[in-house]
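What the coordinates show
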Amino acid sequence: MIGRLYNWYSTSLPLNRKGAKEIKMGTRLKVLSAFKALHRTRVAVFKEDDRALEAARLKINEEFRKNKNETSDENIKKMIKMGSDVEAVLREGVIQMEHVGDKKLLLRPRESLLLENVPYCDQPRKKS
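Along every chain, residues carry numbers that run from 1 in the direction the sequence is written. Local features in this predicted model are restricted to residues whose pLDDT is 70 or higher, and side-chain atom pairs enter the listing and the counts only when it is 80 or higher, whereas totals over whole chains, interfaces and linings include all residues. Each side-chain value is worked out from all heavy atoms of the structure, with water and hydrogens disregarded.

All right, on to unusual backbone geometry then. Residues other than glycine seldom take positive phi values, yet Glu48 does so here, at roughly 65°. Checked against the element boundaries, Glu48 lands in the loop between α2 (25-45) and α3 (50-66). Within the chain, Lys103 stands out as a residue other than glycine whose phi angle is a positive 65°. Helix and strand definitions follow DSSP, with helices as H or I runs of at least four residues and strands as E runs of at least two, each counted in order from the N terminus.

What follows is the structure, encoded as structure tokens:
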């Protein structure tokens with residue numbers, strides 16, 4: 001699937017008069033990297049939720065297709081930054097919950113979100 005997306009992306013870049021690709025290779029790889037990172041995060045965050053997985057997939061693909069003809073380096077860098085910010089918000093700020101009864105939710109946090117439970121101590125430890 002990633003191969004198809006890469007082929008779609010690489011063939012959909014705008015061409016200049018001589019037929020050369022207008023976007024630099026480094027920028028192109030950054031865009032593809034942001035695209036892949038968003039999809040990997042989507043799969044991890046919405047695991048076992050087919051409806052959310054599909055909705056996120058469609059939205060990611062829609063946003064990338066909508067901006068595929070952008071040639072301004074400045075705008076492309078802003079969009080890459082936005083993509084990485086969205087990926088971070090998904091990874092760090094989204095927690096799955098499931099309805100298990102009337103007025104009850106089951107929280108399913110990912111391992112990366114769980115923090116070690118360390119009790120708070122007002123008094124610093126004395127060095128021995």
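On to the pattern of salt bridges. Here a salt bridge means any side-chain nitrogen of Lys or Arg lying within 4 Å of a carboxyl oxygen belonging to Asp or Glu. Applying the stated criterion across every chain, the model contains 9 salt bridges. In this structure, Arg108 and Glu48 form a salt bridge, with 3.2 Å as the shortest nitrogen-oxygen distance. Here Arg108, found in strand β2 (residues 104-108), pairs with Glu48, found in the loop between α2 and α3; they are 60 residues apart in sequence, far enough to count as distant. Between Glu54 and Arg57 there is a salt bridge, with the nearest N and O atoms lying 2.6 Å from each other. Of this pair, Glu54 and Arg57 both sit in helix α3, separated by 3 residues, roughly a single helical turn. Note on exposure labels: buried denotes an accessible area under 20% of the residue type's maximum, exposed denotes more than 50%, and partly exposed covers the range between, all computed with a 1.4 Å probe on protein chains only. The partly exposed category is assigned to Arg57, whose relative accessible area is 22%. Residues participating in the shared-partner salt-bridge network are Glu48, Glu98 and Arg108.

All right, on to a nonpolar patch on the surface then. A contiguous nonpolar surface patch, about 390 Å² in accessible area, is contributed by Ile95, Met97, Leu105 and Leu107. Looking at where Leu105 falls in the secondary structure, it is placed in strand β2. Patch definition: residues above 30% relative accessible area lacking any salt bridge, with like charges linked at up to 9 Å and the nonpolar side chains Val, Leu, Ile, Met, Phe, Trp and Tyr linked at up to 5 Å. Computed by Shrake-Rupley with a 1.4 Å probe, the accessible areas treat only the displayed protein chains as cover when residues are assessed.

For the rest of this paragraph, the subject is the side chain of Arg110. Position of Arg110 relative to the elements: it lies in the segment after β2. Counted as positive: Lys and Arg. Counted as negative: Asp and Glu, with His and the chain ends omitted from the count. Nearest to the buried, unbridged Arg110 among oppositely charged side chains is Glu92, at 8.9 Å. Two N or O atoms form a polar contact when they lie within 3.5 Å of each other; inside protein one atom must be a possible hydrogen donor and the other a possible acceptor, and for residues adjacent in sequence the pair counts only when both atoms belong to side chains. Within the structure, Arg110 has its side chain in polar contact with the backbone oxygen of Val94 (distance 2.8 Å). Residue contacts are defined here by distance: any two heavy atoms, one from each residue, within 4.5 Å place the two residues in contact. When near neighbours in sequence (up to four residues on either side) are disregarded, Arg110 contacts Ala44, Val45, Leu90, Arg91, Glu92 and Val94.

What follows concerns the confidence of the model for the protein. The predictor's confidence in any single residue is recorded as pLDDT, a number from 0 to 100. Of all residues in the protein, 75% have pLDDT values of 70 or greater, and the mean over the chain is 80. Of all the helices and strands in the protein, helix α1 (residues 2-11) carries the lowest mean pLDDT, 47, while α3 carries the highest, 94. Below a pLDDT of 50 lies the segment residues 1-13, which in the model reaches 18 contacts outside its immediate sequence neighbourhood of four places, other chains included.

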